[in-house]
Every structure is written in structure tokens, then in C-alpha cells.
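# Observations on the three-dimensional arrangement
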Amino acid sequence: MKIYLKIWRQKDASSKGKIVDYTMNGIEGDMSFLEMLDILNEDLISKGEVPIEFDHDCREGICGSCSLQINGRPHGPDRLITVCQLHMRSFKDGDTIVIEPFRANAFPVIKDLIVDRNAFERIQQAGGFISVNTSGRTVDANSIPIRKENADKAFNAAACIGCGACVAACKNASAMLFTSAKVSQFALLPQGRIEAAERVQNMVRQMDLEGFGNCTNTGACEIECPKGISLENIARMNREYLGASIKG
Amino acid sequence: MSSLIKSSIARKLVMALSGLFLVLFLALHVTINLTSVISPDTFNQWSHFMGYNGLVQYIMQPVLIIGVIVHFVMGIVLEFQNMQARSIKYTKFKGAANAPWVSRNMIITGLVVLAFLGLHFYDFWIHEMTYKYIEANPEDPTRYYTETVEKFAPMWRTLLYVVSFGLLSLHLWHGFASSFQSMGLNNKYTPSIKSFTKIYAVVIPLVFVFIAIYHHLNPITH
């Protein structure tokens, strides 16, 4: 396949970026999207040009590192996958593919397609933990009975890999889906109830401080989330937050 | 409590509660308006009651005006904050791939409804205030039907009503069910709430439009 690429190039955080055109020949449908970028980078290096910087790590849809906006959608056109799971068979010969970094003021571009997603880390640090006795008498979590429905919902929320696709897809650059998943994974379990009130208040406060937008319930985040995190989590976070704030 | 007031979730809650209040008011408004088609006398009685009852005039009316102002001011504040959250826009953004137009453009439909409310206030509220408090006219329980029907005589005003209520329908289509999500309600009743929202968003504006067209086509002949 012949593919025309339009890729955001930006030297560093303080430089102004621009879209640069590249043409790729001999692209196979079985190649992953990141392999295609690897080939492009090898070509650029062989020409003495600076390769394109992009985030990647596990390349099996678990780490949440790969964060590309592909043809106007985070992680590309296919649902429930990350960029590393996207294959070139999803595109046709002669297609033009626009590749940009995830855009949000809370995710500043570091270089080319790499953005700084430490805002998510700070939200996690604000409340993404539980009180567990680790002094040698730790109670096995499996010995605590948990309602099946709650266990499933907590597990589904915990499947969030913090990739930032929710922020990238949201027209408001809101981080509510991410934050609500992190709130929910604890709020639904007995171990998480101990700090539930402080957790939701602290995480929402940090989310607001980071400069993410407000959720307007468009549902775009849920559609684009590679792990299928549900909007139900945002409603739960709203409930938890309002309840905690009213109780003081 | 102080952190609640400043939080994004509280802003969503304010939008939801004020929006739901306005949704309820629409049901009352359309019910009274519908009597103008069924029974002019009943319409006059209701309108006179609404225009001169102390509870309606001095408590419900100010609450309604505050509700409208809060909803629109908060909507505009949220829109500005959301625009600031992404100062560098995407070269290509496929918003339609993951969210319907109505959900993504509440500010557009909302501003059209706001502009319509300006005309509506000029047509009815300013007129009423002038009649009662500036000109100090005596009470006349029989004038409302005639005044209302005459308002729909010009084609442009009737058309403006049709377009505005079309946009209100789109606004309700997203906003009604969305307010429950903002209040933290997403459970087994959500599909029913979404279905009811769609019915409400179509039926209520459609009845308003029907009333406007009916009066335009059936003018009072002196």
C-alpha cells in the first residue's frame, strides 16, 4: 500500500509545531501502526533526519503509552484498541493519515507526538491508594466477601490504563472518565471505603487544578476508551463527590 | 462545602438542577398554552391567574427568571472554561465519530433558545409589565387570548417560533437525560429516562409549534 502521512512535528515544548508530509510505500496490511512508524523512522535516520518521537512501551495494549490522535480519533478508527493494536489493514491504499499528539492544555507536548501525561499521575497521587496493613499481618483480599456485581464493576474500572484517550476524544478535554475510573475501582470495594470521601474530593480537586475541561456528557470518552470504561463511573464519581461534600 | 462550590462537579450539578427546573416549567407552560386552542375562556382564566396571583408573581416568577439566568450564565462559563482546556486545536477532529451533533453543540442550541427568550420576554413579559405597572391599566381577565393570537399574525414571528422550538427540541434531546448523569444517576432506570427524554424533547416543542401555527392560521376576525 501507498500511504500519505501528515504528522505533527514539534522540536520541543517551547517550539511551535507544524504538520509535515511523508509518503510511505510498500506498507503491508499485517504491519502494526507503530511498525509503520518504525519503518518511517528508520528511513528518516538513514537520510540523516531527526526521527519522529512517539510514546510506546508494551505494544500489546496494556501499558497505555501509545497516545496518538489518528485521523481525528484517539488510537485511530477501530474501537477498544490502543494504537499498538491498530493494524494497517484498517487503512486503504492511497489513504492520507493525519497523526497528531493528544491535545489538551493539561497534556503539554514534549516533542513531536509525545505529550506529558503527568497530570494523570498527580490525580492518582491525590487519592489513588487504600489503607492496607503491610506489617506482616496483611489480610488476604480474597477472604473478604464482595458482591459479584461490585467486584466486576471495580475490575472493569481498574482496567483503565490511563492512556488519556478520554481527554483526547472529549471536545472539552475533560478527564472525568479517567478520574472516575480511579475513584470507582476503590469506591466499589470494602477496602476502598475507608478513605472514600477524602479520595473523591482530593482527586476531583486535583483534576480541576490540572486545567482539564468540564464534562458535558457527550459520551465520546466512553466510545474511544480502549478499555471500554463506562460513563456509569462518572455518575458514580458525581454521587460520591456530592455525598462527600454535603456530609463535610 | 467551599470546595464543592468551586468544583467542576458542582458546576455540572447547577446546570442539571436549573435545566430540570426549566424542563418542568416547559410542561406547565405548554399545558396552559394548549388551552388557548381548546378553550379561549380557560386560557384567559389561567393567564389572568398567572398574571395576578401573588405567589406566582412575586415568588415563582423571580425563581423562574433566576433559573433561566443561572442556567445560561453557567452554560457560558462552562463553555469558556472548556475552550480554554484545549487552546491548540486538532488539525483533524472527528467529533461525529463518537458523539452526536446535539451533544456536542449544546452551546449553539442554547444560544438560539436564549435569543428566542429575548423576543419572548419582549413580546409577553415586557408587554405585561408595561400594561400592569407602567400604564397601570385595570385588570381585564378577557384580554389574554386576543393578545396571544394577534402575536402570531405575522408570518416571521410564527416561523421564528418554529425554528426556535426546533432548536429547543435538540437542546432537550441531550440535556434532559444528561442532567440525571450529572446528578450521579446512571442505573437500571437510565434507558427509561433516555427514552422519556426523546419523547419529551419531541412532543413538548411540537405542541408549542402546533399552537403557534394554529393561531397563525386562525386569526381573530373583528
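Residues numbered from 1 in each chain as written. Chains lettered and ligands numbered in written order. Predicted model: local features only at pLDDT ≥ 70, side-chain atom pairs only at ≥ 80, totals over all residues.

Model confidence for chain B is summarised by a mean pLDDT of 95, while 97% of its residues fall at 70 or above. Both scores are given for the predicted complex: the pTM is 0.95, the ipTM 0.93. (pLDDT = per-residue confidence, 0-100.)

Turning to the interface of chain B and chain A, a few remarks are in order. Accessible area lost upon the coming together of the parts serves often as the stated size of an interface. In this complex, chain B contributes 36 residues to the contact, which on the side of chain A involves 40 residues. Taken together, the elements giving at least two residues each to the side of chain B that touches chain A come down to helix 1 (2-6), helix 2 (8-38), helix 4 (54-84), helix 5 (101-104) and helix 8 (155-182) of chain B. Ranked by residue count, the leading element in the side of chain B that touches chain A is helix 2 of chain B, at 5 residues. Of the residues belonging to the side of chain B that touches chain A, the class tally is 14 nonpolar, 15 polar and 7 charged. (Contact = placed C-beta atoms within 7 Å. Helix = DSSP H or I, 4+ residues; strand = E, 2+ residues; numbered from the N terminus. Nonpolar A, V, L, I, M, F, W, Y, C, P; charged D, E, K, R; others polar.)

To continue, consider the packing of helix 2 of chain B against helix 8 of chain B. Residues and elements named next belong to chain B. Here helix 2 crosses helix 8 at 125°, and the two axes come no closer than 9 Å. Judged by the angle between their axes, helix 2 and helix 8 are oblique. The hand of the helix 2/helix 8 crossing is left-handed. In contact with Lys12, Leu13, Met15, Ala16, Gly19, Leu20 and Val23 of helix 2, helix 8 contributes Leu172, Gly175, Phe176, Ser179 and Ser182. Looking at the contact of helix 2 with helix 8 residue by residue, the class counts come to 7 nonpolar, 4 polar and 1 charged. (Axes fitted to C-alpha atoms, helices over the stretch in contact; angles between N-to-C directions. Parallel < 35°, antiparallel > 145°, perpendicular 65-115°, else oblique. Left-handed = near helix turned anticlockwise from the far one by under 90°.)

A few words on the sheet that holds strand 1 (residues 3-9) of chain A. Residues and elements named next belong to chain A. Strand order in this open sheet of 5 strands is 2-1-5-3-4, and the pairing throughout is mixed. Among the strands making up the open sheet, the edge pair consists of strand 2 (18-24) and strand 4 (73-74). Bridge count between strand 3 (residues 68-70) and strand 5 (residues 96-101): 3 bridges; the pairing is antiparallel. Bridge assignment links Leu68 to a residue of strand 5, and that residue is Pro101. (Pairing = 2+ DSSP bridges.)

Residues and elements named next belong to chain A. With phi around 65°, His75 is a residue other than glycine that occupies positive phi space. Structurally, His75 is set in the loop between strand 4 and strand 5. Look at His75 and you get buried, because 28 C-beta atoms sit within 10 Å. If you check the backbone angles, Asn217 has positive phi at about 55° while not being a glycine. Tracing the chain through its elements places Asn217 in the loop between helix 6 (196-209) and helix 7 (220-224). (Buried ≥ 20, exposed ≤ 12 C-beta atoms within 10 Å, placed from the backbone.)

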